[in-house]
Amino acid sequence: MYTNLLKQSWLLGVVVALCLSAASYAQLTTYQQEGWLNTPAASSHIGNITGDAKAAALPYRRFCVGCHGELGDGNGENAVWFTTPMYAQPRNFQLAIFKCRSTPTGTLPTDQDLYDTIGRGMDRSNMPQWNPMSRQERADLVAWIKHFSPRWQTEKPGTPIQIPPEPEITPERVKAGQAVFARMQCYKCHGVQGMANGPSASTLTDDLNQPIAAFNFTDGSRPKCGDTDTDIYRIFMTGLDGTPMPSFVDNIKPDEAWDLVFYLRSLQRHNAYNSKEREIARQLGLKPVDPNAPPAQ
Amino acid sequence: MKQQRNQRLAAVLAILVLVGFGAVMISQKASAAGDGKITGTVKLDGAAPHMRGIDMSKDPFCDKAHAGNAAHSENVLVGSGGGLQNVVLYISEGLSAEAANAKSTQIPVFDQKNCMYTPHVLAMDVGQDFKVETSDATAHNIHPEPNPLTGNIPWNQSQPPGAPPVTKSWKAPEMIHVKCNIHPWMSGWFAVVKGPYATTDDNGNYTIQNVPPGSYTVTAWQETLGTQAQKVTVAAGGSAKADFAFKAK
């Protein structure tokens, strides 16, 4: 009687295992059956590298699936451990809403944007830098990421915003940048000193309605979408889709945008990029902006 | 002789073609936008729910704009006689493809005024341009939240004081929630529908204009109370009536 039961439960176990593996196999092939992988969207173009989605199936399963999930919906088995506001949920590739874009808000990013994000990782999140992968492997992954969302079949990436060459840093520009900071009211979230403690900071939520923190310029954090001057320019001009950070491209002129970049640099703790800006701000004796001052127009 | 016959033939053909075109154009005009109407009243069945007061003290501009007269949430606005405001009415079934795809050429305005949205619900057709403006001396960000898989792609644009209007349109029918991350109490809707539509006034009254003759399902949508549908028949140039009552939650 007892051995009989043991035998039966062993059999049951085999049946369950078979069912599960059949189900997971069915899931894996759903997209392939739809023919996604044979369409132009199943490739990527980064410089002179052409990425092939099919080549990324295995690397994705090995390195990405734990968080981003088999179906690219951001529901990998590790996702439940992600707690906000420090660790946002893994990106849902099915919706194809991305923070780091060179393209206007509401448009798909370029292949280069996705490629850069994979290599750069996301500061203050669980997304590591994937630089150890070869460039070809990262390009293949870009193509694979795109096959998760039907949007890549019907939409084209936006036209990247134009960024003029970076001008010379001058005291006038740092000062003008502070005026832009005041006029755009960046302090509402980022705080008058860039400490992420503005009046709206505590109630910010992302598109999943999870709490999200404003960027703190003063604690040594690196911006999520890159920390060169050009990256910072791009971040506030295109906005970070899926987050509270809006696009300012309609309201800040290209020349003013560089001024703002220099002022934001002066708020940052000393790093490899901002010696000059900090020195200028110190010599000018710049005080934090006053939110209650009448608007200068 | 032969030449004359050819000329006569050409003239007859030309007339035939002209008459044919004219007939097609007239029939198109008649079927695209009718002059029928659907009218009615939308009411709330039950006591008007309490609308939470809004604390705007974190933004001095917003707070001052409502000094002595605190703003309230606008999820369920009830007028005289229980009329429900901001209910969107549209024809969900029965429109010809042509009538459903005809879009209004008006450009409605969604204004950010005193840190609230005016109107609270803005109805529009698929593909119809609309404008987002700001009247406020404080920065807003305008952040609609559609489902990107419908074809409506979310975007997020800043509107600091004095910012130029943003003109946009939507690609698919959807009730799209709009928010401002800077002022978390700000909540509004873009009601994107196909074909003729109307929004109820302060007393719950509405009129859908330009309805071609036919039998239709009219749907009433309220942001928290959901949808209701009714069948109506509109005669050519006539008026049909459809009243709705939503149960208070």
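Residues numbered from 1 in each chain as written. Chains lettered and ligands numbered in written order. Predicted model: local features only at pLDDT ≥ 70, side-chain atom pairs only at ≥ 80, totals over all residues.

When helices and strands are counted, chain B shows three helices and 17 strands. With 249 residues in all, chain B has 39% of them scored as buried. Counting contacts in chain B only where the partners sit at least 6 residues apart, residues at least 24 apart contribute 66% of the total. (Helix = DSSP H or I, 4+ residues; strand = E, 2+ residues; numbered from the N terminus. Buried ≥ 20, exposed ≤ 12 C-beta atoms within 10 Å, placed from the backbone. Contact = placed C-beta atoms within 7 Å.)

Summing up its helical and strand segments, chain A has 10 helices and two strands in all. The linear arrangement of helices and strands in chain A, starting from the amino end, is α-β-β-α-α-α-α-α-α-α-α-α. When each of the 297 residues of chain A is scored for burial, the buried share is 40%. Of the contacts made within chain A by residues no fewer than 6 positions apart, 64% connect residues no fewer than 24 positions apart.

To continue, consider the nonpolar core. Counting 115 residues, the largest nonpolar core has Leu260(A), Val88(B), Leu89(B), Phe190(B) and Ala191(B) as its most contacted members. With eight residues, the top contributor of residues to this core is helix α9 (residues 254-267) of chain A. Dropping the residues within four chain positions of it, Ala191(B) is found in contact with Val88(B), Val121(B), Leu122(B), Ala123(B), Met175(B) and Trp221(B). (Core = buried A, V, L, I, M, F, W, Y, C linked by C-beta atoms within 7 Å.)

All names here are of chain B. Strands sit in the order β12-β2-β14-β15 across an open sheet of four strands; the sheet is antiparallel. The two strands at the open ends of the sheet, each matched to only one other strand, are β12 (197-199) and β15 (226-234). Averaged over all pairs of adjacent strands, the angle between their axes in this sheet comes to 30°, without regard to strand direction. Where strand β2 (residues 88-93) and β12 come together, three bridges link them in antiparallel fashion. The residue bridging leucine 89 from the neighbouring strand is alanine 198, located in β12. (Pairing = 2+ DSSP bridges. Axes fitted to C-alpha atoms, helices over the stretch in contact; angles between N-to-C directions.)

Facing 24 residues of chain B, the contacting portion of chain A comprises 27 residues. The set of elements that each furnish at least two residues to the side of chain B that touches chain A consists of β7 (140-144) and β8 (157-159) of chain B.

What follows is about the domain arrangement of chain A. Residues and elements named next belong to chain A. Under the domain assignment, chain A is made up of domain 1 (39-154) and domain 2 (171-284). The straight-line distance from the C-alpha centre of domain 1 to that of domain 2 is 25 Å. In this complex, domain 1 contributes 17 residues to the contact, which on the side of domain 2 involves 21 residues. Taken together, the residues of the side of domain 1 that touches domain 2 break down into seven nonpolar, five polar and five charged. (Domains from an automatic or database assignment. Nonpolar A, V, L, I, M, F, W, Y, C, P; charged D, E, K, R; others polar.)

The next point concerns the sheet that holds strand β6 (residues 130-134) of chain B. Residues and elements named next belong to chain B. If you walk across this open sheet you meet the four strands as β4-β3-β6-β9, and the pairing is mixed. The open sheet terminates on both sides in strands that have one partner only, identified here as β4 (116-118) and β9 (166-168). Between one strand and the next, the sheet's axes are offset by a mean angle of 20°, whatever the strand orientation.

Residues and elements named next belong to chain A. Along helix α3 (residues 111-120), the residues that are buried comprise Asp111, Asp113, Leu114, Tyr115, Thr117 and Ile118. Residues of α3 that are buried sit in contact with β1 (43-46) and α4 (135-146). Remark: glycine 121 follows α3 within two positions and exhibits a positive phi of approximately 70°.

Our focus in this paragraph is the confidence of the model for chain B. Residues and elements named next belong to chain B. Mean pLDDT over chain B: 91, with 87% of residues reaching 70 or higher. A low-confidence stretch, residues 24-31 (pLDDT under 50), is modelled with three contacts involving residues beyond four sequence positions or located in other chains. The complex prediction reports pTM at 0.86, with the ipTM value standing at 0.86. (pLDDT = per-residue confidence, 0-100.)

Here the focus is the confidence of the model for chain A. Of the residues in chain A, 85% reach a pLDDT of 70 or more, and the chain-wide mean stands at 90. Here residues 25-29 of chain A is modelled with pLDDT under 50, and outside its nearest four sequence neighbours on either side it reaches three contacts, counting other chains as well.

All names here are of chain A. For helix α2 (residues 57-68), with 12 residues, the first-to-last C-alpha span of 13 Å runs short of the 16 Å given by 1.5 Å per residue. The set of residues buried in α2 consists of Cys64, Cys67 and His68. In an axial view of α2, the angular spread of the buried residues amounts to 55°, which keeps them on one side of the axis. The exposed set on the far side of α2, more than 90 degrees from its buried face, consists of Leu58, Arg61 and Arg62. At the exit of α2 stands glycine 69, carrying a positive phi of roughly 85°. (Expected span 1.5 Å × (residues − 1). Arc of directions from axis to C-beta.)

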